[in-house]
Amino acid sequence: MSISTAPAKGPAVATPPSPPGRRARRRPGHAREWWFGALLVLPAVALAVTFKVVPLVRGVITSFESSSGFGDSSFAGLDNYTRMFDDPVVLASFRNALLVVATLPVWVVFPLVLAVLIHQRAPGWKFFRAVYFIPYTIAPIVVGIMFRQILAPDGPINAGLRAIGLEPLAIEWLNGQNSALFSLVAVALWSFFGLGVMTYLAGLATIPDEVMEAAYLDGAGFWRRLFSVVVPMLRPTVAYWSVLCASGVLIWLFPLIYALTQGGPGNATMLPEYLVFLTTFQFLDRGYGSAIGIALFVFVAVLSIFSVRHMFTEGTRKPR
Amino acid sequence: MFRRRLAGVLAAGVAAATVLAGCGGDGAGSDGPVTLKVLTWEPGGTEYWQAVKTTFEASHPDIKLDMQAVPFDKYPEVQGPYITSQSGPDVMANNAGLELFDRRGAYVPLGEKAAEINKDLVTYSGACEGFDTSKECYGVPFSYQGNVLYYNKDVLTAAGLDPEKPPATWDEFGAACDAVTKSGKTCLALGLSGTFPAYWDFPEIARNYLTEDDIRGLLAGTLSWTDPKLVQTLEKLAEITTKGWTNKNAPSITMLPDGADIFQRGDAAFAGTIISDAVNWDAFGKALGDDKLGVTRWPAINPSAPLAQKFSGIEGAVYGVTKWSEKKEAGLEFITWLAGKENGELWVKHAKGQPLNTTVDPSLLPSSPAFKKIQELVADPTLHAGVMLSGPEADALARGWQQVTLGQLTVDKWAEQMQQALERSPTKQQGR
């Protein structure tokens, strides 16, 4: 069985091009349409400018200023940006950000596998479909407070590990230089993966059952079906979720860091977004905080641009 | 001509109405009472602040209080955006000392009124620049705050120690910790996240090495963190955790509430906290029983050092009127009342705290043994080194201590990081 994705045939007789006179007569109508379209778009543009562009421009301006406490500020040129290269805390935060970004494949693949299992109605799929989404409905700050207890040296995770004879694995999760960051990412993944499962399930619903059935009848196993059928057909959804995760892991984690580690121990879980907050509101260094924020913006933009471009290409590619 | 006259009359009428509205000042007048928005972390607890609201409003029918209560550890994050945007509450609180000094741009200077408002207080220098009442003051304190070491008598007894003779020197403290640890309990309940280590632990060690001039140097940013006195202070702080005297998860928890919980549950022998507001003798007495709770000065490392036997004291929360408030008169009236006798007595009665007002009726003071002991300790105060630290220094102190505890940093590197934090501090850059 095969499914044709060829475009429907067009009319047998090509429509001749409009004569210049007729095109000229259409102009007033086109203009009206254009103005009407512009009018419809205007509220969205106004909102975007007011709430996105203006704050961003103000942030950029502030990043070139030097402030003392909450007092007046003065022009500082590029000082705030050059200062970042000598600041070990800033460098540590961006190094941590890269480590977090390196976990992206897990963020993308893990929910996909679960979504496919649910989609294929694996035993208990109804139960898991509901359960997986529950963590996403818990406020991240609450998740952080919860996991601070769960991951404590004498908390339930370590108690469980000791009970089943895995004493060496019962480490101080939030105290280690690497384990703290790993724990933070794991908690974040626990909190957000349900959204990924839902996103993929929505994408999977667009794949015709016949395709999956055909693959099954052709003898394709679970992983074969996943990588040879599901992933190619879900490419736009995967790209969308990847973009969301790529930016999300760098700008969604604030409440978790705040409740779980406050960037510690030392700077082990310090990420740029938390540093922006610390620098601006606790150290009262607004100019420097804004500069770090702009650096983070560029970092996220660079990271996302490839995925967005890929998504755009996928979305605008004409079917063959 | 008539039109022009009419326009003139109307314009005059509008102007007069505007002036009259302006004379109403705080918006009071025929529209009803003025509502003051007060940002507070509720030092002393909700019950005390409820009493403040009820009592103040009863005696000031023209002013209503709208309290915005924020937890202490979240307070800077809520207050920061208000100050940055120069909008929000009419009255706000800050800790006395550098925290207030850092944010002085948000408050109306009290000028000559400061001396009059604060005339009955033991001290109010923490509300003024450089702890100097001859300089500009930005608010009003009403409580006295400072650090002591609480201990659980039952835990000491179980460890074979005399609960009536708590350790007075560093060596005695080490021996006591060894005994407590052997008995299966934590010696010192501690949390190293946030600003608590800077405010509650650092000053108690620093007193053994610094003079009052040094502490003023800390405030001005002229005392280097690589100075041997401060390096020795950091070394002793490190000793507390590296010798295993604390709970294992100290690097990843905060002292409030996590560290204090360990002590309140009866799982630790000692907890270094404060005399007023939260986690004081009253809260611990309720959790452990007044008769089980002891209080002492932190053990002396150099008993002969000039400040070793002193009390690190500081005015508690300072309330000031914000520069952007349109109800400054009413705000001033409220903070003046806060410094008065009536509020001093509410503070004692409901918050069980140490009042600053000297006219408070002594018969109202609590009868708890711990409170009585605190009266002895506070009688010989010195400057509080913790409140002299800037935001970056307080943050670096906690992070460095975490790393030293986990073996990720040496004390010398920690001192270097502290110096970098000092150099990053906008306020101290200005002071130098």
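Computed from a predicted structure; not experimentally measured. (Residues numbered from 1 in each chain as written. Chains lettered and ligands numbered in written order. Predicted model: local features only at pLDDT ≥ 70, side-chain atom pairs only at ≥ 80, totals over all residues. Heavy atoms only, no water.)

Colleague: Quick question: what am I supposed to make of the overall build of chain B here?
Modeller: What chain B contains, in helices and strands, is 18 helices and 12 strands. When its C-alpha atoms are laid out on the principal axes, chain B stretches across 100 × 50 × 35 Å. The buried share among the 432 residues of chain B stands at 57%. When the accessible surface of chain B is split by element, carbon and sulfur atoms take 53% of a total near 16700 Å². For chain B, the distance from the average position of its 40 positive side-chain charges to the average position of its 53 negative side-chain charges is 3 Å. (Helix = DSSP H or I, 4+ residues; strand = E, 2+ residues; numbered from the N terminus. Buried < 20%, exposed > 50% of the residue type's maximum accessible area, 1.4 Å probe, protein only. Areas by Shrake-Rupley, 256 points an atom, 1.4 Å probe, with all protein chains shown as cover. Lys, Arg positive; Asp, Glu negative; His and termini not counted. Charge placed at Lys NZ, Arg CZ, Asp CG, Glu CD.)

Colleague: Please explain the overall build of chain A as it appears in this structure.
Modeller: Of the regular secondary structure elements, chain A holds 14 helices and 2 strands. Every one of the 320 residues in chain A was classed for burial, and the buried ones make up 42%. Long-range pairs, those at least 24 residues apart, make up 68% of the contacts in chain A between residues at least 6 apart in sequence. When the accessible area of chain A is evaluated, it comes to approximately 18100 Å², of which 69% is carbon and sulfur surface. (Contact = heavy atoms within 4.5 Å.)

Colleague: Explanation requested: the interface of chain B and chain A in the structure shown.
Modeller: Many descriptions give the size of an interface as the accessible area lost when the pieces come together. The interface of chain B with chain A comprises 31 residues on the first partner and 35 residues on the second. Remark: the boundary between chain B and chain A carries 1 salt bridge. For the salt bridge of A:Arg148 with B:Asp258, the shortest nitrogen-to-oxygen distance reads 3.3 Å. Applying the counting criterion to the chain B and chain A interface returns 8 residue pairs in polar contact (both at pLDDT 80 or more). Among the elements of the structure, α3 (75-85), α16 (391-405), α17 (411-424) and α18 (426-431) of chain B are those that each provide at least two residues to the side of chain B that touches chain A. (Salt bridge = Lys/Arg side-chain N within 4 Å of Asp/Glu carboxyl O. Polar contact = N/O pair within 3.5 Å; in protein donor to acceptor, adjacent residues only side chain to side chain.)

Colleague: Looking at this model, I keep getting lost on the environment of B:Leu383. Mind explaining?
Modeller: All names here are of chain B. By secondary structure assignment, the location of Leu383 is in strand β12 (residues 381-383). A relative accessible area of 13% means that Leu383 is categorised as buried. When the C-alpha positions of Leu383 and Asn357 are compared, they lie 19 Å apart, and in sequence the two are 26 residues distant. Not counting the four nearest positions on each side in its chain, Leu383 is found in contact with Phe131, Glu212, Ile215, Arg216, Gly313 and Met388.

Colleague: Would you mind showing me how to read the domain arrangement of chain B here?
Modeller: Residues and elements named next belong to chain B. By the assigned domains, chain B splits into domain 1 (33-142 + 316-358) and domain 2 (146-312 + 380-431). Using C-alpha coordinates to define each centre, domain 1 is positioned 28 Å away from domain 2. Across the contact, 19 residues belong to domain 1 and 20 residues belong to domain 2. Regarding the contact of domain 1 and domain 2, the summed buried area is about 1400 Å², with carbon and sulfur atoms giving 59% of it. (Domains from an automatic or database assignment. Buried area = accessible area lost by both parts, 1.4 Å probe.)

Colleague: Whenever I open this one, the packing of aromatic side chains confuses me. Can you help?
Modeller: Residue and element names in this part refer to chain B. Considering all chains together, one arrives at 45 aromatic pairs over all chains under this definition. Relative to Tyr75, the ring of Trp41 has its centre 4.9 Å away and its plane inclined at 80°; by these criteria the two rings are edge-to-face. Highlighted residues: Trp41 in the loop between β1 (34-40) and α2 (46-59) and Tyr75 in helix α3, separated in sequence by 34 residues. Look at Tyr75 and you get buried, because its relative accessible area is 2%. Sitting over the face of the ring of Phe101, Arg104 holds its NZ or CZ atom 4.0 Å from the ring centroid. (Phe/Tyr/Trp six-rings, centres within 6.5 Å; stacked < 30°, edge-to-face > 60°. Lys NZ or Arg CZ within 6 Å of the ring centre and 35° of its normal.)

Colleague: I tried to follow the sheet that holds strand β3 (residues 91-95) of chain B on my own but got confused; where do I start?
Modeller: In any sheet, the strands associate via hydrogen bonds between backbone groups, in a parallel or an antiparallel arrangement. All names here are of chain B. Spatially, 5 strands are ordered β2-β1-β3-β10-β4 in an open sheet, and the strand pairing comes out mixed. Every other strand in the sheet has two partners, leaving β2 (63-69) and β4 (140-141) as the edge strands with one partner each. As defined by bridge partners, β1 adjoins β2 across 7 bridges and the pair is classed as parallel. Looking at β2, one finds that Val38 is bridged to Met67. Its contacts with the sheet put α3 on β1, β2 and β3, and the angle it makes with β3 is roughly 130°. (Pairing = 2+ DSSP bridges. Axes fitted to C-alpha atoms, helices over the stretch in contact; angles between N-to-C directions.)

Colleague: When you look at a nonpolar patch on the surface in this model, what are you seeing that I'm missing?
Modeller: All names here are of chain A. Among the surface-exposed residues, Phe36, Leu39, Leu40, Val41, Leu42, Val45, Val49, Val53, Val54, Val57 and Ile61 lie close enough to one another that they form a single nonpolar patch of about 980 Å² accessible area. Tracing the chain through its elements places Val41 in helix α1 (residues 20-63). A residue is classified by how much of its surface remains accessible, and Val41, at 46% relative accessible area, is partly exposed. (Patch = residues over 30% accessible without salt bridge, like charges linked within 9 Å, V, L, I, M, F, W, Y side chains within 5 Å.)

Colleague: Where do I start with unusual backbone geometry in this structure?
Modeller: Note: most peptide bonds trans; most residues except glycine with negative phi. That bond from A:Gly264 to A:Pro265 is cis: its omega, 0°, falls within 30 degrees of zero. Of the consecutive residues B:Leu256 and B:Pro257, the connecting peptide bond is found in the cis state with omega at 15°. The residue B:Pro257 is located in helix α11 (residues 255-264) in this model. At B:Glu42, a residue that is not glycine, the phi angle is positive and equals roughly 55°. Relative to the elements of secondary structure, B:Glu42 occurs in the loop between β1 and α2. A residue is classified by how much of its surface remains accessible, and B:Glu42, at 19% relative accessible area, is buried. The backbone of B:Gln86 shows a phi angle near 50°, a positive value even though the residue is not glycine. A residue is classified by how much of its surface remains accessible, and B:Gln86, at 36% relative accessible area, is partly exposed.

Colleague: Honestly, helix α10 (residues 222-233) of chain A in this entry has me stumped. Any pointers?
Modeller: Counting along an α-helix, one turn takes 3.6 residues, and residues three or four places apart therefore face a common direction. Residue and element names in this part refer to chain A. Across its 12 residues, α10 extends 15 Å between first and last C-alpha, which sits within 8% of the 16 Å expected from 1.5 Å per residue. All of the buried residues along α10 are Phe222, Arg225, Leu226, Val229 and Val230. For α10, the buried positions fall inside an angular range of 130° around the axis, keeping them on one side. With respect to the buried face of α10, the exposed residues turned more than 90 degrees away are Trp223 and Arg224. Taken together, the buried residues of α10 touch α4 (104-119), α8 (179-204) and α9 (209-217). (Expected span 1.5 Å × (residues − 1). Arc of directions from axis to C-beta.)

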